[in-house]
Amino acid sequence: MPSFPKPKIPDAVVPPPLRKPGKPGMGGTPKGQAPSDLKDSPPERRSAGDKLLERGKEAPIDALGWVDQRLAASGFLTGMLFRKVPKGTNWFYTLGSATLFAFIVQATTGVFLAMFYTPSATQAYHSISHINNEVPLGQLVHGMHKWGSSVMVILIFLHMGRTFFFGAYKYPRELNWVIGVVLLILTMTMAFTGYLLPFDQRSFWASIVGININGTGPVVGPYLSDFLRAGPELGATTLSRFYAIHMLLVPGAIIALIGAHMYLVVKLGTTAPPWVKADRPKVASPVSELDAGANGNGRVNGNRVNGSPVSGEGNGGPAL
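First, a word on scope: everything that follows refers to the structure included in this document. Everything quoted here is computed from the prediction, not taken from an experiment.

**Some points on the overall build of the protein**
Move 1: For the protein, the count of helices and strands is 11 helices and 2 strands.
Move 2: Start at the N end of the protein and walk to the C end: the helices and strands fall as α-α-α-α-α-α-α-α-α-α-α-β-β.
Move 3: For the protein, the proportion of its 320 residues judged to be buried stands at 23%.
Move 4: In the protein, 63% of the contacts between residues at least 6 apart in sequence involve partners at least 24 apart.
Move 5: Of the accessible surface of the protein, which amounts to about 23,400 Å², a share of 66% is contributed by carbon and sulfur atoms.

Spelled out as structure tokens, the structure:
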């Protein structure tokens, strides 16, 4: 019996999900006239410069995606930036961030000052004068570093006071409190060692007083004074040692402890102010009361269940 070819079903009749995909290069659309809007206002062809500009705009995003794919840091950043804060959070909670910003300013200005400073007993004072009088914006940078140290000390004391009075040092944040105390000691150490660097009369005699006060401490006091002086008396070797402690030892320890401090803050969260009371959780009803309410002959937390009357209600009978 001869076979006849099957008639072809028009594409307009076939639903889009069941249509046969078009050949490569055809776009999967049936041939026909172009829409009227394309005839009236055809799309402009992008030039090579426009394509290059668009790729340039997407380059930073592609670079960040390339780095994130290898470091997987987006999860940590999302947890740090988009985290819940307790009820009653106020401006007192910004003291830690303010202290961190003050440290960043100190580190940045200190790097620029180190480019022109000479840690020598005969050249230290002249290098400071050169920074203030001859280097462009040198007096501004030196002033920011000088007064910024006092600001950082004040901010870290306020931050520690807020943590203490709000009770944020209690379980499970004891380790974070210990790290904060060590950061406070390192901040005071950095301020003390930086005070000698101008090596003028005021810083010279103030450092002698501070070293002698440290020498009065029990057991380790005399050894600490000898370590800071780097000799029997304060001199050129003391200046070099203070500069090394101020520029290398203390900042490195502070950066490492700040990283640990911030990790624990993100992991453990922050505490609510002591005057904010937590909502009491609702107590679940006993299973026996739930069963009685489901049978229509009981109450759950004083409320009638399923609209069933309790004996003595709605039927004129005596109340039990």
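**Details of the packing of aromatic side chains**
Move 1: Taken as a whole and judged by the stated rule, the model has 10 aromatic pairs.
Move 2: An angle of 70 degrees between the planes, with centres 6.1 Å apart, marks the rings of phenylalanine 92 and phenylalanine 166 as edge-to-face. On the criterion of sequence distance, the pair formed by phenylalanine 92 in the loop between helix 3 (74–81) and helix 4 (95–114) and phenylalanine 166 in the loop between helix 6 (138–165) and helix 7 (174–195) is long-range, its members being 74 residues apart.
Move 3: Overall, phenylalanine 92 belongs to the partly exposed group, its relative accessible area being 47%.
Move 4: Exposure remark for phenylalanine 166: the relative accessible area of 13% places this residue in the buried category.
Move 5: Their ring planes at 50 degrees and their centres at 5.7 Å tell us that tyrosine 169 and tryptophan 177 sit as a pair that is tilted.

**Considering the nonpolar core**
Move 1: Among the nonpolar cores identified, the biggest contains 28 residues, and Tyr117, Leu239 and Ile254 are the most heavily contacted of them.
Move 2: Here the element with the most residues in this core is helix 10 (residues 236–268); it accounts for 8 residues.
Move 3: Excluding anything up to four places from it in sequence, leucine 239 contacts Tyr117, Pro119, Ser120, Ala121, Ala124, Leu196, Leu197 and Phe199.

Cut-offs used in this document
Residues numbered from 1 in each chain as written. Predicted model: local features only at pLDDT ≥ 70, side-chain atom pairs only at ≥ 80, totals over all residues. Heavy atoms only, no water. Helix = DSSP H or I, 4+ residues; strand = E, 2+ residues; numbered from the N terminus. Buried < 20%, exposed > 50% of the residue type's maximum accessible area, 1.4 Å probe, protein only. Contact = heavy atoms within 4.5 Å. Areas by Shrake-Rupley, 256 points an atom, 1.4 Å probe, with all protein chains shown as cover. Phe/Tyr/Trp six-rings, centres within 6.5 Å; stacked < 30°, edge-to-face > 60°. Core = buried A, V, L, I, M, F, W, Y, C linked by side-chain atoms within 4.5 Å.

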